[in-house]
Amino acid sequence: MTEALDLTPYCSTDPLRPYLHAPFTQGGHTFATNGYILVRVTLRPDVLPPPENKPRADKLFARDWREPTMPLPAFTLPEERLRECENCKGEKHNFHACECCECTCEACDDEGRVSSLNTVSVGLCGAFFAAKYARMLQPLPGIRVAPSKDAMSPMPFAFDGGEGLLMPLRTTLANHIDVPAITPATP
Ligand SMILES: [Zn+2]
Ligand SMILES: [Zn+2]
């Protein structure tokens, strides 16, 4: 038996979306999402349904699912560097002059640090994706992708033990890497 995929990296850390901080079970599958990438695996009995049964992740699949059959093309990203967030100076909260500031720092999502990959996008299957989410496809075993229906729809992907959707960007970011599709070998 293969080891179950660790779903933690696919969960959100956004303080405004506490309901996405852990995997959840819905409609016969177990899901994890950060709002940009969504993965679905075989139902894990120890994972609970989300409060109020939201978000409706199962419905997204019904709408946007296309069978992914193309191997994910290989791509190499620049090495990730983390630097202190300029907006909150790494303070996360308490960065405004107001006493007891509880505001979320939008520049770093309250991480205190920002990734150099935040300005990197990847062109895959005719659409643009944030590199920090596209790279989450790479470790998935047997990863396959399908072109999305249009440039604004999520890209379906599948791997050994599950499948998922990756949200595209509207435009490229400051540093863009175009990844050519794998062309089938001619006989
Ligand atoms: Zn910040
Ligand atoms: Zn404040």
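What you see is a predicted model, and the numbers here were worked out from it, not measured in a lab.

**Quick look at the overall build of the protein chain**
Scanning the protein chain for helices and strands turns up two helices and twelve strands. Along the protein chain, helices and strands appear, N-terminal first, in the series β-β-β-α-β-β-β-β-β-α-β-β-β-β. Relative to its length of 187 residues, the protein chain is compact, with a C-alpha radius of gyration of 18 Å against a globular reference of 16 Å. Expressed along its principal axes, the backbone C-alpha trace of the protein chain runs to roughly 70 × 40 × 30 Å.

**Regarding the environment of glycine 164**
For glycine 164, the position within the fold is in strand E11 (residues 162–166). Residue glycine 164 is classed as buried on the basis of its 28 C-beta neighbours within 10 Å. Every residue in contact with glycine 164, bar those within four places of it in the chain, is listed here: Ile37, Leu38, Val39, Arg40 and Phe157.

**Section: unusual backbone geometry**
Within the chain, lysine 89 stands out as a residue other than glycine whose phi angle is a positive 55°. With respect to the secondary-structure elements, lysine 89 resides in the loop between strand E5 (82–84) and strand E6 (113–115). A positive phi angle, near 55°, is found at cysteine 125, a position not held by glycine.

**Remarks on the sheet that holds strand E9 (residues 144–145)**
Sheet strands pair via backbone hydrogen bonds, and the direction of the pair is either parallel or antiparallel. Strands sit in the order E1-E2-E3-E11-E10-E9-E4 across an open sheet of seven strands; the sheet is antiparallel. The open sheet has two free edges, formed respectively by strand E1 (24–26) and strand E4 (70–71), since each of these has just one partner strand.

**Points about the environment of leucine 38**
Inspection of the secondary structure assignment puts leucine 38 in strand E3 (residues 37–42). Sequence-wise, leucine 38 and proline 154 are 116 residues apart; in three dimensions their C-alpha atoms are separated by 9.6 Å. If sequence neighbours within four positions are ignored, leucine 38 has contacts with Phe31, Thr33, Ala57, Leu60, Gly164 and Leu165.

**Remarks on the sheet that holds strand E8 (residues 127–130)**
If you walk across this open sheet you meet the three strands as E8-E7-E12, and the pairing is mixed. Only two strands of the sheet have a single partner each, and these edge strands are E8 and strand E12 (175–178). Within this sheet the neighbouring strands show an average axis-to-axis angle of 30°, counted without direction. Inspection of the sheet shows strand E7 (residues 120–124) paired to E12 by four bridges, in the parallel sense. Bridge pairing in E12 links serine 121 to histidine 176.

**Describing the pairing of E8**
For E7 and E8, the ladder comprises four bridges, and the chain directions are antiparallel. Pairing of valine 122 across the sheet is with phenylalanine 129, part of E8. Hairpin connection of E7 to E8: two residues between the antiparallel strands, including cysteine 125 at a positive phi of 55°.

Conventions adopted
Residues numbered from 1 in each chain as written. Chains lettered and ligands numbered in written order. Predicted model: local features only at pLDDT ≥ 70, side-chain atom pairs only at ≥ 80, totals over all residues. Helix = DSSP H or I, 4+ residues; strand = E, 2+ residues; numbered from the N terminus. Rg over C-alpha atoms; globule rule 2.2 N^0.38 Å. Buried ≥ 20, exposed ≤ 12 C-beta atoms within 10 Å, placed from the backbone. Contact = placed C-beta atoms within 7 Å. Pairing = 2+ DSSP bridges. Axes fitted to C-alpha atoms, helices over the stretch in contact; angles between N-to-C directions.

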